[in-house]
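# Structure assessment
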Amino acid sequence: MLRDNEKFYLPNLHHFQNDNTFYGSFRGLRFRVKSEQVEDADGKRWTIATLCWYGDYCLEESEVVAEARFPMSEDGYEQVLDWLEEQYRAMLEQSGPAPQSNDESLGV
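Residues numbered from 1 in each chain as written. Predicted model: local features only at pLDDT ≥ 70, side-chain atom pairs only at ≥ 80, totals over all residues. Heavy atoms only, no water.

## Here's the deal with the pattern of salt bridges
Pairing between side chains becomes possible if they bear opposite charge and their charged atoms approach one another. In total, this model carries five salt bridges according to the counting rule given. We note a salt bridge from Arg45 to Asp40, for which the minimum N-O separation is 2.9 Å. Residue classification places Arg45 among the partly exposed residues on the basis of a relative accessible area of 41%. Judged by relative accessible area, Asp40 falls into the partly exposed class, the value being 30%. (Salt bridge = Lys/Arg side-chain N within 4 Å of Asp/Glu carboxyl O. Buried < 20%, exposed > 50% of the residue type's maximum accessible area, 1.4 Å probe, protein only.)

## Section: the packing of aromatic side chains
Enumeration according to the criterion identifies six aromatic pairs in this entry. Between Phe8 and Phe31, the aromatic rings sit 5.9 Å apart at their centres with planes inclined by 40°, giving tilted as the arrangement. You can see Phe8 sitting in the segment before helix H1 (13-17) and its partner Phe31 sitting in strand S2 (residues 29-40), a full 23 residues away along the chain. An aromatic cluster is built from Phe8, Tyr9, Phe22, Phe26, Phe31 and Tyr88, whose rings are joined through pairwise contacts. (Phe/Tyr/Trp six-rings, centres within 6.5 Å; stacked < 30°, edge-to-face > 60°. Helix = DSSP H or I, 4+ residues; strand = E, 2+ residues; numbered from the N terminus.)

## Describing the side chain of Thr47
With respect to the helices and strands, the residue Thr47 is situated in strand S3 (residues 43-54). Relative accessible area serves as the criterion here: at 1%, Thr47 is assigned to the buried category. For Thr47, the residues in contact, after removing those within four places along its chain, are Lys34, Ser35, Glu36, Val38, Arg69, Phe70 and Met72. (Contact = heavy atoms within 4.5 Å.)

## Describing the pairing of strand S1 (residues 21-26)
The two faces of a sheet get side chains in turn, since along a regular strand they alternate between them. Of the strand pairs in this sheet, S1 and S2 are connected by six bridges, and their pairing is antiparallel. Across the sheet, the residue bridging to Phe22 is Val33, located in S2. If you look at the hairpin formed by S1 and S2, you'll find two residues sitting between the two strands, and Arg27 has a positive phi there, around 50°. (Pairing = 2+ DSSP bridges.)

## Considerations on unusual backbone geometry
Positive phi is not limited to glycine here, since Asp19 has a value of about 65°. Note that Asp19 resides in the loop between H1 and S1. Its relative accessible area of 48% is what places Asp19 among the partly exposed residues. Phi is positive for Arg27, which is not a glycine, with a value near 50°. Checked against the element boundaries, Arg27 lands in the loop between S1 and S2.

## Overview of the confidence of the model for the protein chain
For the protein chain, the mean per-residue pLDDT works out to 88, and 88% of the residues sit at or above 70. No element of the protein chain has a lower mean pLDDT than helix H3 (residues 102-105), which averages 48, and none a higher one than strand S4 (residues 66-71), which averages 97. Here residues 104-108 is a poorly scored stretch, pLDDT under 50, and it has five contacts once near neighbours within four places are set aside; other chains count. (pLDDT = per-residue confidence, 0-100.)

Structural data, given as structure tokens:
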């Protein structure tokens, strides 16, 4: 659903490998995707950290509804897309279809 929609956008893996952050939205689902270094028993490694929230407000003024981390790899990037799809479906199940908002009219 999201991958096939021309109004959904997520930068490619290279964006996150260069330690960049991306904030995005799609019909009421808001999300942040960024590179994040974590340390565990195997040492330090880079991940793609994601979180999402619903509504019209910025992250600081909202409640995060889900968070996840994925490997910094092509497979991890695909998992991010799958996860965002799951979060969008969960939002629809919870609240029904989101009305079109201003961000859609702007092509965002």
